[in-house]
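Listed below are the residues making up each chain.
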Amino acid sequence: MSITTDARTSVDINDVTIFDGPGGYTGVEPTAEWADEVLALAKQRNATILAHNYQLPAIQDIAHHVGDSLALSRIAAEVDSDEIIFCGVHFMAETAKILSPDKRVMIPDERAGCSLADSITADELRAWKAEYPDAVVVSYVNTTAEVKGLTDICCTSSNAVDVVASIDPDREVLFLPDQFLGAHVKRETGRDNVYIWAGECHVHAGINGDELADQASSHPDADLFIHPECGCATSALYLAGEGAVPADKVKILSTGGMLDAARETRAKQVLVATEVGMLHQLRKAAPGVDFQAVNDRASCPYMKMITPAALLRCLREGKDEVDVAPDVAERARKSVQRMIEIGNPGSGE
Ligand code: SF4
């Protein structure tokens, strides 16, 4: 192994040089040889490779299972393997570890964070709870294990409304961390005692209502698939309410819900408002439909840190392992389990 000291470091693992720079590990192309080695190493390690819908197409194609965060965490808990290689962002690998404490969980690059999960820390949540000591805390799954450990009920975008509706109407609710999903929940439940943390995902927030309105008017026959974390989710409902877009064309969906809707749509074209990696699975699910991004710059840099080089390094070196302290994991597991018991948790991001 050799490590250089310039801005980009390099690591030689056997015959391959992997570079490590600000965007993550690079230097490996997703060739057929790469695919053969990845699968052979996974077999040798008795590892299952899971890939989130926002991963690079090469990573999605090599994975044993592709899906959204909650579906993948459930698969992680069910599969009969010693190791889980979670190709996604760090909080997702943590959730897999929370639900599968006896398995070794790894992420190919532990620096793959999430701007939404980072928008509230455990200390900030403790301080917020102190202001509302009787409130029920509802957290979207895009949160760290520590924040989940301070949460009463987790939710996904599919069951966020059901989760909040299941809480005694007289109890205050602290909803975090996503302000757009929180606004959607508040509107749908009609409750005025839901307090919303002002967090956001910089990728989804960048998909705005003006862009959506432009695209909707230039593609009048297209369906609109919108993830509720998008800055445009409110605009989409507004446009539908104003009659600018037929209401039946606007579908607010989790990433898993988008795949189901893709298989069922009769539209020839669908405008998709979420991270662009989702287009790969949608096009595979319904090859006859023309899926177009509302904003083709909506690419999550953290998701894209899981490169072919990072995956190879992970499998060759057994890094980076994800650990969650047992007491935090136990508390977090309770809030995740409550989420699974209420409504249809669908699949999260
Ligand atoms: S797309 Fe947004 S919410 Fe999803 S992982 Fe990236 S930063 Fe986080």
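Owing to the predicted nature of the structure, the values given are computational and were not obtained by experimental measurement.

*Asks:* What is the right way to look at unusual backbone geometry in this model?
*Replies:* Only a minority of non-glycine residues have a phi that is not negative, and only a minority of peptide bonds are not trans. The amide bond that connects Leu176 to the next residue, Pro177, takes the cis arrangement and shows omega of -5 degrees. Secondary-structure assignment places Pro177 in the loop between β10 (173-176) and α8 (179-189). Between Lys319 and Asp320 the backbone carries a cis peptide bond, its omega angle lying at 5 degrees. Locating Asp320 in the fold gives a position in the loop between α14 (308-317) and α15 (326-341). Positive phi values are uncommon outside glycine, yet Asn46 reaches one of about 55 degrees. The topology assignment puts Asn46 in the loop between α1 (32-45) and β4 (47-52). Using a count of 11 C-beta atoms within 10 Å as the deciding quantity, one classes Asn46 as exposed.

*Asks:* How should I be thinking about the site of the ligand in this particular structure?
*Replies:* Taken together, 14 residues form the shell around the ligand, and within it Cys114, Leu116, Cys201, Val203 and Cys300 come nearest. Its residues assigned to classes, the shell around the ligand comprises 9 nonpolar, 3 polar and 2 charged.

*Asks:* What should I look at first to understand the packing of α1 against α14 in this one?
*Replies:* Contact geometry for α1 and α14: axes closest at 9 Å, N-to-C directions at 30 degrees. The angle between α1 and α14 falls in the class roughly parallel. Crossing handedness for the pair α1 and α14: left-handed. Of the residues in α14, those touching α1 at Trp34, Glu37, Val38, Leu41, Ala42 and Arg45 are Pro308, Leu311, Leu312, Leu315 and Arg316.

*Asks:* What's the story with helix α4 (residues 90-99) in this structure? I'm lost.
*Replies:* Working note: α-helix, 3.6 residues per turn, so residues spaced by three or four point in the same direction. Most of α4 is tucked away: 10 of the 10 residues are buried. All of the buried residues in α4 are His90, Phe91, Met92, Ala93, Glu94, Thr95, Ala96, Lys97, Ile98 and Leu99. Close packing links the buried residues of α4 with β4, α3 (69-78), β6 (83-87), β7 (104-106), α6 (145-149) and α15.

*Asks:* Looking at this model, I keep getting lost on the domain arrangement of the protein chain. Mind explaining?
*Replies:* In many analyses, interface size is given as the accessible surface area lost on bringing the parts together. As far as domains go, the protein chain holds domain 1 (19-111 + 303-325), domain 2 (122-200 + 330-342) and domain 3 (208-297). Once you take the C-alpha centre of each, domain 1 and domain 2 turn out to be 28 Å apart. With 8 residues of domain 1 at the contact, the number on the domain 2 side is 9 residues. When contributions to the side of domain 1 that touches domain 2 are tallied by element, the ones reaching two or more residues are α3 and α4. Examining the composition of the side of domain 1 that touches domain 2, we find that 5 residues originate from one element, α4, more than from any other.

*Asks:* What exactly am I supposed to notice about the sheet that holds strand β11 (residues 194-196) here?
*Replies:* Two modes of strand pairing occur in sheets, parallel and antiparallel, and in both the strands are linked by backbone hydrogen bonds. Strand order in this open sheet of 4 strands is β9-β8-β10-β11, and the pairing throughout is parallel. Here the strands that pair on one side only, and so sit at the sheet edges, are β9 (153-155) and β11. Each strand of the sheet is rotated relative to its neighbour by a mean of 25 degrees, with strand direction disregarded. Note: β10 against β11, 3 bridges, orientation parallel.

*Asks:* Whenever I open this one, the nonpolar core confuses me. Can you help?
*Replies:* Nonpolar side chains tend toward joint burial in soluble globular proteins. If you look at the biggest cluster of nonpolar residues, it comprises 108 residues, and the most contacted ones within it are Leu50, Ile85, Phe86, Cys87, Leu224, Ile226 and Ala273. Not counting chain neighbours up to four residues away, the residues in contact with Cys87 comprise Ile49, Leu50, Ala51, His52, Gln55, Ile59, Ala63, Pro108, Ile306 and Leu311.

*Asks:* Sorry, what's going on with the environment of Gly182 here?
*Replies:* When you line up the elements, Gly182 lands in helix α8. With 79 residues separating them in the primary sequence, Gly182 and Ala261 have C-alpha atoms 23 Å apart.

*Asks:* I tried to follow the environment of Ala233 on my own but got confused; where do I start?
*Replies:* By secondary structure assignment, the location of Ala233 is in helix α11 (residues 233-241). Overall, Ala233 belongs to the buried group, with 25 C-beta atoms counted inside 10 Å. Along the primary structure Ala233 and Ile207 are separated by 26 residues, whereas in three dimensions their C-alpha atoms are 9.1 Å apart. In this structure, Ala233 is in contact with Phe180, His184, Ile226, Pro228 and Ile252, ignoring residues within four places of it in sequence.

*Asks:* Is there a simple way to think about the UniProt feature "binding site: [4Fe-4S] cluster" (unreviewed entry) in the protein chain in this case?
*Replies:* Taking the UniProt record as the reference, the feature "binding site: [4Fe-4S] cluster" (unreviewed entry) is found at Cys114, Cys201 and Cys300. The greatest C-alpha distance among the residues just named is 9.4 Å, despite their covering 187 residues of sequence, which places them together in space. Within the secondary structure, Cys114 is located in the loop between β7 and α5 (122-131). When neighbours within four sequence positions are excluded, Cys114 is seen to be in contact with Val89, His90, Phe91, Asn142 and Tyr302. For Cys300, the position within the fold is in the loop between β15 (290-293) and α14. In this structure Cys300 touches Tyr54, Val203 and Glu275, once residues within four positions along its chain are discounted.

*Asks:* How should the UniProt feature "binding site: iminosuccinate" (unreviewed entry) in the protein chain be read in this particular structure?
*Replies:* In the numbering adopted here, UniProt assigns the feature "binding site: iminosuccinate" (unreviewed entry) to His52, Ser69, Tyr140, Val141, Asn142, Ser157, His227, Pro228, Glu229 and Thr255. Classification of Asn142 by C-beta neighbours within 10 Å gives buried; the count is 29. With respect to the element layout, His227 can be found in the loop between β12 (223-226) and α11. By the C-beta count within 10 Å, which is 26 here, His227 ends up buried. Setting aside residues no more than four positions away along its own chain, His227 makes contact with Ser157, His204, Leu253, Thr255, Ala273 and Thr274.

The rules we used
Residues numbered from 1 in each chain as written. Predicted model: local features only at pLDDT ≥ 70, side-chain atom pairs only at ≥ 80, totals over all residues. Helix = DSSP H or I, 4+ residues; strand = E, 2+ residues; numbered from the N terminus. Buried ≥ 20, exposed ≤ 12 C-beta atoms within 10 Å, placed from the backbone. Near = placed C-beta within 6 Å. Nonpolar A, V, L, I, M, F, W, Y, C, P; charged D, E, K, R; others polar. Axes fitted to C-alpha atoms, helices over the stretch in contact; angles between N-to-C directions. Parallel < 35°, antiparallel > 145°, perpendicular 65-115°, else oblique. Left-handed = near helix turned anticlockwise from the far one by under 90°. Contact = placed C-beta atoms within 7 Å. Domains from an automatic or database assignment. Pairing = 2+ DSSP bridges. Core = buried A, V, L, I, M, F, W, Y, C linked by C-beta atoms within 7 Å. UniProt positions renumbered as here; feature names shortened; annotations may be inferred.

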